[in-house]
Amino acid sequence: MIKGSTNERVRRYCYDDCQKNNNNVAIGVDGNGHEVVLFGKGIGFGELPYSINDMSKIERSFYDIDYRYYNLLSEIPENMFLFTSRIVDAIESKIDGNLNPNLVFILADHINFAVTRYHKGMQISLPYSYEIEFEYPHLTKLAKWIVKNINAKYQVCLDKGRLQV
């Protein structure tokens, strides 16, 4: 799902409907012709198109992202994507199976929305299901760990109901 720095040369380009809005994000094509979303300091800066020859500039790469999530790149802070990608990496190492390649984008959107609402004083209590906790104890433990990390990173206090959204 999520791949770290790639060994392949990456060519950066912009779609017709893409706006250049972040100097640290680029959408490109790797050496095998696969589309990739890249994060890295200054990676989105410069004349289009260009090639990235210094792979050390690539902090994270995401493959197989659905186009409908590309707009989130301009709506969600870069540090939220990077935080979420570390969370998803941890989850992936603790469960069997493959995760949806869009999960980082979907989860970053959800976390960003919850944190933004919290800081605006728009706290919404959600019901907590002990049945779900009973049926999925391992996933519930991971969810509690995620919420604990979100609370610490963004100085919020998301409630127990957030675990099951």
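For the structure, check the block above.
This write-up is about the structure you can find in this document. (Residues numbered from 1 in each chain as written. Predicted model: local features only at pLDDT ≥ 70, side-chain atom pairs only at ≥ 80, totals over all residues. Heavy atoms only, no water.)

Across its 17 residues, helix H3 (residues 103-119) extends 24 Å between first and last C-alpha, which sits within 8% of the 24 Å expected from 1.5 Å per residue. Regarding H3, the residues found buried are Val104, Phe105, Leu107, Ala108, Ile111, Asn112, Ala114, Val115 and Arg117. Once H3 ends, the next one or two residues include Gly121, with phi positive near 75°. (Helix = DSSP H or I, 4+ residues; strand = E, 2+ residues; numbered from the N terminus. Expected span 1.5 Å × (residues − 1). Buried < 20%, exposed > 50% of the residue type's maximum accessible area, 1.4 Å probe, protein only.)

Let's shift gears to unusual backbone geometry. Phi at Asp64 takes a positive value of approximately 60°, unusual for a residue other than glycine. By secondary structure assignment, the location of Asp64 is in the loop between strand S6 (60-63) and helix H1 (72-75). Despite not being glycine, Gln155 shows a phi value in the positive range, around 45°. Within the secondary structure, Gln155 is located in the segment after helix H5 (137-154).

This brings us to the environment of Gln155. Take Gln155: its relative accessible area is 63%, and that puts it in the exposed class. For the pair Gln155 and Val115, spaced 40 residues apart in the sequence, the C-alpha separation amounts to 8.8 Å. When near neighbours in sequence (up to four residues on either side) are disregarded, Gln155 contacts Tyr118, His119 and Ile150. (Contact = heavy atoms within 4.5 Å.)

Under the criterion given, the structure shown has 6 aromatic pairs. For the ring pair Phe62 and Phe105, a centre distance of 5.7 Å and an interplane angle of 90° mean the geometry is edge-to-face. Taken together, the positions of Phe62 in strand S6 and Phe105 in helix H3 put the pair 43 residues apart, joining distant regions of the chain. Residue Phe105 is classed as buried on the basis of its relative accessible area of 0%. Centre to centre, the rings of Tyr67 and Tyr70 are 5.5 Å apart; their planes meet at 75°, and the pair counts as edge-to-face. Given the relative accessible area of 54%, Tyr67 is considered exposed. Classification of Tyr70 by relative accessible area gives buried; the value is 12%. An aromatic cluster is defined as three or more aromatic residues linked by ring pairs; in this entry it consists of Phe39, Phe62, Phe81 and Phe105. (Phe/Tyr/Trp six-rings, centres within 6.5 Å; stacked < 30°, edge-to-face > 60°.)

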